[in-house]
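Descriptive analysis of the structure
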Amino acid sequence: MPKPNIHPQWYPEAKVYCDGEVVMTVGSTKPELHVDIWSGNHPFFTGTQKIVDAEGRVERFRRKYSGAKPQQAAKGKKATAKPAPKTNKKG
């Protein structure tokens, strides 16, 4: 038996709202739930999902975090180091 006075109020007929409309009823500890997306308007469940992947994920990651342009890395050119500037220190 659960301890008295420690559990939240249970609402067996809590209403779920999406865009101001009641879309379903569920059991919850809140009387109303407001959601942006639910299975009735999510592209995966409605079949309107469009997969747009013009470039691969790996190439996109490499380009984003490599710091170099992909064309430079593909050419294989080595960067030449610049000599350090001379300083005149009189001691």
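The structure presented is a predicted model; accordingly, all values stated were derived computationally and were not measured.

Across 6 bridges, the pairing between strand β1 (residues 11-18) and strand β2 (residues 21-28) is antiparallel. The partner of V16 across the bridge, within β2, is M24. With antiparallel pairing between neighbouring strands as the criterion, β1 and β2 make up a hairpin whose turn holds 2 residues, including D19 at a positive phi of roughly 55°.

This part covers the sheet that holds strand β3 (residues 32-35). Within a sheet, adjacent strands bond to each other through the backbone by hydrogen bonds, running parallel or antiparallel. A sheet is described by the order of its strands in space; here 3 strands give the open sequence β2-β1-β3, paired in mixed fashion. One side of each edge strand has no neighbouring strand; the edge strands of this open sheet are β2 and β3. Each strand of the sheet is rotated relative to its neighbour by a mean of 30°, with strand direction disregarded.

It is worth spelling out the confidence of the model for the protein at this point. Do not read the fine detail of predicted coordinates wherever pLDDT is low. Considering every residue of the protein, the mean pLDDT works out to 78; 67% of them sit at 70 or more. Confidence scores differ between elements of the protein, with helix α3 (residues 70-75) showing the lowest mean pLDDT of 53 and β1 the highest of 94.

Time to look at the packing of aromatic side chains. Summed over the entire model, instances satisfying the criterion amount to 1 aromatic pair. With 4.9 Å between their ring centres and 50° between their planes, F61 and Y65 make a pair best called tilted. Placement of both F61 and Y65 in helix α2 (residues 57-66) is noted, with a separation of 4 residues, approximately one turn of the helix. Accessibility assignment for this pair places F61 and Y65 in one class, exposed.

Quick notes on the rules
Residues numbered from 1 in each chain as written. Predicted model: local features only at pLDDT ≥ 70, side-chain atom pairs only at ≥ 80, totals over all residues. Heavy atoms only, no water. Pairing = 2+ DSSP bridges. Helix = DSSP H or I, 4+ residues; strand = E, 2+ residues; numbered from the N terminus. Axes fitted to C-alpha atoms, helices over the stretch in contact; angles between N-to-C directions. pLDDT = per-residue confidence, 0-100. Phe/Tyr/Trp six-rings, centres within 6.5 Å; stacked < 30°, edge-to-face > 60°. Buried < 20%, exposed > 50% of the residue type's maximum accessible area, 1.4 Å probe, protein only.

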